[in-house]
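Commentary on secondary and tertiary structure
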Amino acid sequence: MYEIGQEEIDAVARVVRSGRLFRYHEGGECERFETRWAEHLGVRHARMTASGTTALTAAMMAVGIGPGDEVIVPACTYMATAVAVLAAGAIPVIVDIDETTTLDPQALADAAGPRTRAVVPVHMWGLSCDMDAIMHVAAEHDLIVIEDACQAVGGGFEGRMLGSIGHLGAFSFNYYKNITCGEGGAVVTNDGEAFQRVANAVDCCAFYWSGRDEEYPGFTANSARASEFEGAILNVQLDRLPGMLDSMRRQKKRVLAAVRDAVRPSPCHSLDHECGASNLLLLDTPEQAEAFAREAGGVVLINTGRHVYTEWDPVLRHRGAHHDALNPFALPQNRGCRMDYSPDMCARSLDILRRTVRVDNHPRTSAEKLEERIERIRGAAAHLAGRGGA
Ligand SMILES: Cc1ncc(COP(=O)(O)O)c(C=O)c1O
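Here the structure is a predicted model, which is why all the values come from computation and not from measurement.

**Focus on the pairing of strand 1 (residues 45–49)**
Across the 5 residues of strand 1, 4 count as buried, placing the element largely inside the fold. The pairing of strand 1 with strand 9 (residues 185–189) spans 5 bridges and is antiparallel. By the bridge assignment for strand 9, A46 is matched with V188.

**A few points about the sheet that holds strand 12 (residues 356–360)**
Read from one edge of the open sheet, 3 strands run 10-12-11, paired in antiparallel fashion. Both outer strands of the open sheet, strand 10 (278–282) and strand 11 (299–300), are each paired with one neighbouring strand and no more. Relative to strand 12, strand 10 runs antiparallel, the two sharing 5 bridges. Of the residues in strand 12, the one forming a bridge with L280 is R358. The sheet contacts of helix 12 (residues 347–355) involve strand 10, strand 11 and strand 12, and relative to strand 12 the element is tilted by about 50 degrees.

**Some remarks on the nonpolar core**
Membership of the largest hydrophobic core comes to 73 residues, with the highest contact counts inside it found for F292 and I377. The contact partners of F292, leaving out residues within four places of it in the chain, are V263, L281, L283, V357, I377, A380, A381 and L384. Counting residues in hydrophobic clusters, the runner-up holds 48 residues, among them V93, A107, L245 and A277.

**Remarks on the site of the ligand**
G52, T53, D148, S172 and K177 are the nearest of the 16 residues found near the ligand. Taking N174, its side chain carries an N or O atom lying 3.0 Å from an oxygen atom of the ligand. Contact with the protein chains covers 92% of the free accessible surface of the ligand, which is 380 Å². Listing elements by their share of the shell around the ligand, those giving two or more residues are helix 3 (52–62) and helix 4 (80–87). Of the residues contributing to the shell around the ligand, the split by class is 5 nonpolar, 9 polar and 2 charged.

**Notes on the packing of aromatic side chains**
A full pass over the atoms with the stated rule returns 10 aromatic pairs. For the pair Y24 and W209, a centre-to-centre distance of 6.0 Å together with 5 degrees between the ring planes defines the contact as stacked. Separated by 185 residues along the polypeptide, Y24 in the loop between helix 1 (6–18) and helix 2 (29–41) and W209 in helix 8 (residues 206–209) bring together distant segments of the chain. On the accessibility criterion, Y24 (17% relative accessible area) is buried. Seen from their ring centres, W37 and F173 are 6.2 Å apart, and the 80 degrees between their planes marks the pair as edge-to-face. Of this pair, W37 sits in helix 2 while F173 sits in the loop between strand 8 (168–172) and strand 9, placing them 136 residues apart in sequence. Residue W37 shares its accessibility class with F173, and that shared class is buried.

**Quick word on the packing of helix 3 against helix 7 (residues 192–202)**
Two numbers describe how helix 3 lies on helix 7: the axes approach to 8 Å, and their chain directions differ by 130 degrees. In terms of orientation, helix 3 lies oblique with respect to helix 7. In this structure, helix 3 crosses over helix 7, and the sense of that crossing is right-handed. The segment helix 3 lies against helix 7, with A58, M61 and A62 engaging A194, R197, V198, A201 and V202. Residue composition of the contact of helix 3 with helix 7, by class: 7 nonpolar, no polar and 1 charged.

**Here's the deal with the pattern of salt bridges**
In this structure the tally under the stated criterion is 25 salt bridges. For R250, the salt bridge is made with D246, and the minimal N-O distance between the two is 3.6 Å. Here R250 pairs with D246, and both are found in helix 9 (residues 228–259), just 4 residues apart, close to one helical turn. The class for D246 is partly exposed, based on a relative accessible area of 39%. The shortest N-O distance in the salt bridge between R358 and D360 comes to 2.8 Å.

**Focus on the packing of helix 2 against helix 9**
Relative to each other, helix 2 and helix 9 sit at 35 degrees, their axes nearing to 7 Å. Of the two elements, helix 2 crosses helix 9, and the hand of that crossing is left-handed. When helix 2 is examined against helix 9, the residues E29, C30, R32, F33, R36, W37 and H40 are found in contact with a partner set consisting of E228, G231, A232, L234, N235, L238, D239 and L241. In the contact of helix 2 with helix 9, the residues fall into 7 nonpolar, 3 polar and 5 charged.

**Overview of helix 1**
An ideal rise of 1.5 Å per residue puts 18 Å on 13 residues; helix 1 measures up with 18 Å between its terminal C-alpha atoms. Every buried residue belonging to helix 1 is among E8, A11 and V15, and all of these are buried. Burial along helix 1 is one-sided: seen end-on, the buried residues are contained in an arc of 65 degrees. More than 90 degrees from the buried face of helix 1, the exposed residues found are I9 and R17. Check the buried side of helix 1 and you find it contacts helix 2 and helix 9. Looking one or two places after helix 1, you find G19, whose phi comes out positive at around 75 degrees.

**Brief notes about the sheet that holds strand 9**
Reading across the sheet, the 7 strands line up as 1-9-8-5-4-2-3 and stay open at both edges, with mixed pairing between neighbours. What marks the edges here is a single partner per strand, and that holds for strand 1 and strand 3 (91–95). Adjacent strand axes in the sheet meet at a mean angle of 25 degrees when their direction is disregarded. Across 5 bridges, strand 8 lies against strand 9 in antiparallel orientation.

What counts and how
The numbers attached to residues start from 1 for each chain and follow its sequence in the written order. The predicted nature of this model means local features are confined to residues of pLDDT at least 70 and side-chain atom pairs, given and counted, to a pLDDT of 80 or more, with totals for whole chains, interfaces and linings taken over all residues. Excluded from the side-chain calculations are hydrogens and water; all other atoms, namely the structure's heavy atoms, are used. Three labels apply to residues, based on accessible area from a 1.4 Å probe with only protein chains included: buried if under 20% of the type maximum, exposed if over 50%, partly exposed otherwise in between. Runs of H or I in DSSP of at least four residues are treated as helices and runs of E of at least two as strands, each being numbered from the N terminus. Two strands pair under a simple rule: DSSP has to find at least two bridges between them. Any pair of residues with heavy atoms lying within 4.5 Å of one another is described as a contacting pair. Inter-axis angles, ranging from 0 to 180 degrees, are taken between N-to-C directions of lines fitted to C-alpha atoms, where helices are fitted over the stretch in contact. For this analysis, a nonpolar core means a set of buried residues of the types Ala, Val, Leu, Ile, Met, Phe, Trp, Tyr and Cys, connected via side-chain atoms within 4.5 Å. When at least one non-hydrogen atom of a residue lies within 4 Å of a molecule or strand, that residue is treated as near it. Nitrogen and oxygen atoms within 3.5 Å of one another constitute a polar contact, given that in protein one can donate a hydrogen and the other can accept it, and given that sequence-neighbouring residues count only through two side-chain atoms. Throughout, the Shrake-Rupley method with a 1.4 Å probe supplies accessible areas, and for residues the shown protein chains are the sole cover considered. Any residue outside Ala, Val, Leu, Ile, Met, Phe, Trp, Tyr, Cys, Pro, Asp, Glu, Lys and Arg is labelled polar, Gly included; the first ten of those are nonpolar and the last four are charged. Stacked, edge-to-face and tilted are the three classes for Phe, Tyr and Trp ring pairs, Trp counted by its six-membered ring, which pair at centre distances within 6.5 Å; planes under 30 degrees apart are stacked, over 60 edge-to-face, the rest tilted. Orientation is classified from the angle alone, with under 35 degrees giving roughly parallel, over 145 giving roughly antiparallel, 65 to 115 giving roughly perpendicular, and any other angle giving oblique. Should the near helix be turned anticlockwise from the far one by less than a right angle, the crossing is left-handed, and should it be turned clockwise, the crossing is right-handed. Whenever Lys or Arg places a side-chain nitrogen within 4 Å of a carboxyl oxygen from Asp or Glu, that contact is recorded as a salt bridge. Take the number of residues in a helix, subtract one, and multiply by 1.5 Å to get its expected span. The directions from the helix axis to the C-beta atoms are what the arc is built from.

Put into structure tokens, the structure is as follows:
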């Protein structure tokens, strides 16, 4: 969570006083946020969900992904990206990232096979994937693109908003995200038919409540509705978002300018448009990265738990559902899908993650604290150089 305060308290209090906590009523907070979020991104439709995971799952269901399908996911993302694929009955195929720590477009091209239906580019740590290259490869292989922008809410790629470039985009508003309502998410798309299915996937009675029952697309799904509390908080958070991103982007550029002669920044695709949530620095060896992170006040990405595929235990162990008969790994339709996972299958990704250090920015960092951060990074680099290499 970056910023929250009196305005959110007031907004929640208004909802409590109104007694209208359920989302379906005219002029409701959820509806207002959805309209504003769609406008902000330049897309036609947005639908709030209970979480980023249910947003990704609804996006999969919206385009009919299911048993028999493979969906490509990167080796570095929160486990939920792969879990959403399994929730739709399909099989995640895990492929390499590059030094940006986002999906390598060449790895995507190499991995796309006859059963591959979709790809999920994940905009990790507020960065943007190379969406031009990914959209190009996806078009060549006839893949649906579902952007996972859960960690990059409000970010962009060369002037286009993340989440709006692929066929669908998914966002998380959990406690750790750029804007938050505690727990929450959203799906966006320009595709009207897919949007109807999203609404159904999030709430199997969405069409009853909105008075458009005749449009009911007809399938059962678990409920993942948002309440008016989430809508009210997000309407305030959205007002804060541009200022927060502006501050983090300025910090990122300041850090980059001040340290790039001392330590190598990781390459990135869209410095002016991504979120600026962190600075990534690439060391030569894992040992250097560990020592550097300790001194600079950062984290080596290999140590970020379930953001690395080797830590996705239920996925790697083929535990894809609560019941064997529903387990995508056991379904006959998925027999031809690639699911032989091993800890070293994306060795290049592991090497990059072992050598990449993340130092986070925060919208409220004072000018003084920012200079301290820079001094720590430079000091850590100088010590490494003194020991024989930065
Ligand atoms: C990249 C990514 N995808 C998906 C999710 C899932 O979001 P949620 O925790 O809201 O379900 C997260 C959340 O941490 C995430 O970081």
